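Examination of the molecular architecture
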Amino acid sequence: MSPLDPLAQLLNRRPKRLALLEQIAEQGSITRAAKAAGLSYKAAWDAIDELNNLSEQPLVSRSVGGKGGGGARLTPAGERLLALQRRLQALQTQLLQAAGDEADLELLGRLMLRTSARNQLAGRVRQIQSHGHNDLIDIELPGGAHLQAQITHDSTENLQLSAGSSVVALIKAGWLELQPLSQAADAERNALEGRIEQILPASDGPSEVRMSLSNGQTLCASVEPQHLATLGLVVGDPVRAQFAASQVLLGTQL
C-alpha cells in the first residue's frame, strides 16, 4: 500500500483539508487558501501541520509572514497526494452507488475514529523490546530521528506491530516539556529537537507553541506564558521537546 493512502483517507473524511491543498496549489498564499477553503488562518496552519506530520515527506512548503500572511506551495509529494485523492473520490462515488446496506457504511464510519491528541507523527517501528509487562517500541521518524513508546504486550499484538510496521505516534500538547538546548536533556525521556516557529498566546490559558522539526514535521506544545517567559524562549529559538515513553500512544492503519 502506498504511504500516501492514509493521507488520502484523511482528506476523504475531512474535505476542507483537500480544499486547502487545492487552494494552496492555486493561490500560493496560506491566507487566501484558508479563506477560499472556509478555514481560519490558524486552522489552516493546523491542517498543514497534520498533513506534513502524517507524511514521510512534507506535503506543503511554507514561509512565515510575507505578502498575504505567508507563502505556501505544494511539494511534489503534495501534488501526488492531490492527484491520488481525486482518483479516490471517483472510486468512492462508485462505491457509494454500489453499496446495498446503509448499516455497512455506518460501521465503516465508526471504525474511522478521530483523536484529540494534538500531535500525530508518522513513523516506522525500528525495534520492539520486552520491558516487564510492557513493550518498548522504538520508532524511527522521517529523517532519522526516533522516539520510544511504552505499551502493553496485548497492545503490541492487537496492533500487529513488528519491525518495519508503519505507525502514528500520538502525543498530547500538554505532555510536551520544552527546554532550551543549553539545558541538559533527560536521558530517560524522549527528546526531539527543532526550532520555535510560532507562539500563539491565549487570553485565558496556556500559549500554543509550534515547533518545527528538521524533517518537516511539527510539534505543538501547550505552555503557560509565565513558564515560557522563565525559559526565555522566543520565535526562532532552537528548542527541545521532552516527553515520557508512557505518554506516547500508537495507532495503525485499519
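Residues numbered from 1 in each chain as written. Predicted model: local features only at pLDDT ≥ 70, side-chain atom pairs only at ≥ 80, totals over all residues. Heavy atoms only, no water.

Attention now moves to the overall build of the protein. A count of helical and extended segments in the protein gives eight helices and twelve strands. Buried positions account for 41% of the 254 residues belonging to the protein. Residue pairs at least 24 apart in sequence account for 61% of intrachain contacts in the protein once pairs closer than 6 positions are excluded. Summed over its atoms, the accessible surface of the protein is roughly 13300 Å², and 51% of this surface lies on carbon and sulfur atoms. (Helix = DSSP H or I, 4+ residues; strand = E, 2+ residues; numbered from the N terminus. Buried < 20%, exposed > 50% of the residue type's maximum accessible area, 1.4 Å probe, protein only. Contact = heavy atoms within 4.5 Å. Areas by Shrake-Rupley, 256 points an atom, 1.4 Å probe, with all protein chains shown as cover.)

On to the confidence of the model for the protein. Scored by pLDDT, the protein has a mean of 84; 80% of the residues are at 70 or more. Put simply, helix H6 (residues 102-111) is where the protein has its lowest mean pLDDT, 53, and strand E11 (residues 238-243) is where it has its highest, 97. (pLDDT = per-residue confidence, 0-100.)

Overall, the coordinates contain one aromatic pair when judged by the stated rule. Ring centres 6.0 Å apart and planes at 70° place the aromatic pair Tyr41 and Trp45 in the edge-to-face group. Placement of the pair is Tyr41 and Trp45 together in helix H4 (residues 41-54), with a separation of four residues, close to one helical turn. Its relative accessible area of 1% is what places Trp45 among the buried residues. (Phe/Tyr/Trp six-rings, centres within 6.5 Å; stacked < 30°, edge-to-face > 60°.)

Tracing the backbone through its elements, the reader meets Arg240 in strand E11. A polar side-chain atom of Arg240 sits 2.7 Å from a polar atom in the side chain of Gln179. If we ignore the near neighbours within four places in the chain, the residues touching Arg240 are Glu177, Leu178, Gln179, Pro180, Leu181, Gln183, Ala184, Ala185, Ala191, Leu192, Glu193 and Met211. (Polar contact = N/O pair within 3.5 Å; in protein donor to acceptor, adjacent residues only side chain to side chain.)

Turning to the packing of helix H2 (residues 15-27) against H4, a few remarks are in order. Two elements in contact, H2 and H4, have axes separated by 10 Å at closest approach and are oriented at 95°. Considering their axes alone, H2 and H4 lie roughly perpendicular with respect to each other. Between H2 and H4, the contacting residues are Arg17, Leu20, Leu21 and Ile24 on the first element and Ala44, Ala47, Ile48, Glu50 and Leu51 on the second. When grouped by side-chain class, the residues that make up the contact of H2 with H4 number seven nonpolar, no polar and two charged. (Axes fitted to C-alpha atoms, helices over the stretch in contact; angles between N-to-C directions. Parallel < 35°, antiparallel > 145°, perpendicular 65-115°, else oblique. Nonpolar A, V, L, I, M, F, W, Y, C, P; charged D, E, K, R; others polar.)

With 14 residues, H4 should cover 20 Å at 1.5 Å per step; its first-to-last C-alpha distance of 20 Å lies within 8% of that length. Of all 14 residues in H4, eleven are buried, a share of seventy percent or more. Taken residue by residue, H4 has Ala44, Trp45, Asp46, Ala47, Ile48, Asp49, Glu50, Leu51, Asn52, Asn53 and Leu54 as its buried positions. (Expected span 1.5 Å × (residues − 1).)

Read across the open sheet, the five strands follow the order E7-E11-E8-E9-E10; overall the sheet is antiparallel. The outermost strands of the open sheet, each flanked by one partner alone, are strand E7 (177-179) and strand E10 (218-223). Each strand axis lies, on average, 45° off the axis of its neighbour in the sheet, ignoring direction. Bridge count for strand E8 (residues 190-202) against strand E9 (residues 205-213) is seven bridges, and the pairing is antiparallel. Bridge assignment links Ala202 to a residue of E9, and that residue is Gly205. Running at roughly 45° to E9, H4 makes contact with E8, E9 and E10 of the sheet. (Pairing = 2+ DSSP bridges.)

Quick look at the nonpolar core now. Counting 30 residues, the largest nonpolar core has Leu147, Leu178 and Leu250 as the members making the most contacts within it. Ignoring any residue separated from it by four or fewer positions in sequence, one finds Leu147 in contact with Leu121, Ile137, Asp138, Ile139, Leu141, Ala169, Asn190, Leu192, Phe243 and Val248. Among the nonpolar cores identified, the runner-up in size contains 21 residues, and Ala33, Leu39, Ala72 and Leu81 belong to it. (Core = buried A, V, L, I, M, F, W, Y, C linked by side-chain atoms within 4.5 Å.)

As enumerated under the stated definition, the model contains twelve salt bridges in all. When the shortest N-O distance is used, the salt bridge between Glu208 and Lys42 registers 3.5 Å. With Glu208 in strand E9 and Lys42 in helix H4, this residue pair connects regions lying 166 residues apart in the sequence. Asp49 is the salt-bridge partner of Arg210, the closest N and O atoms lying 2.3 Å from each other. You can see Arg210 sitting in strand E9 and its partner Asp49 sitting in helix H4, a full 161 residues away along the chain. (Salt bridge = Lys/Arg side-chain N within 4 Å of Asp/Glu carboxyl O.)

With respect to the helices and strands, the residue Ala145 is situated in the loop between strand E4 (134-140) and strand E5 (146-152). Residue contacts for Ala145: discarding those within four places in its chain leaves Ile139, Glu140 and Leu192.

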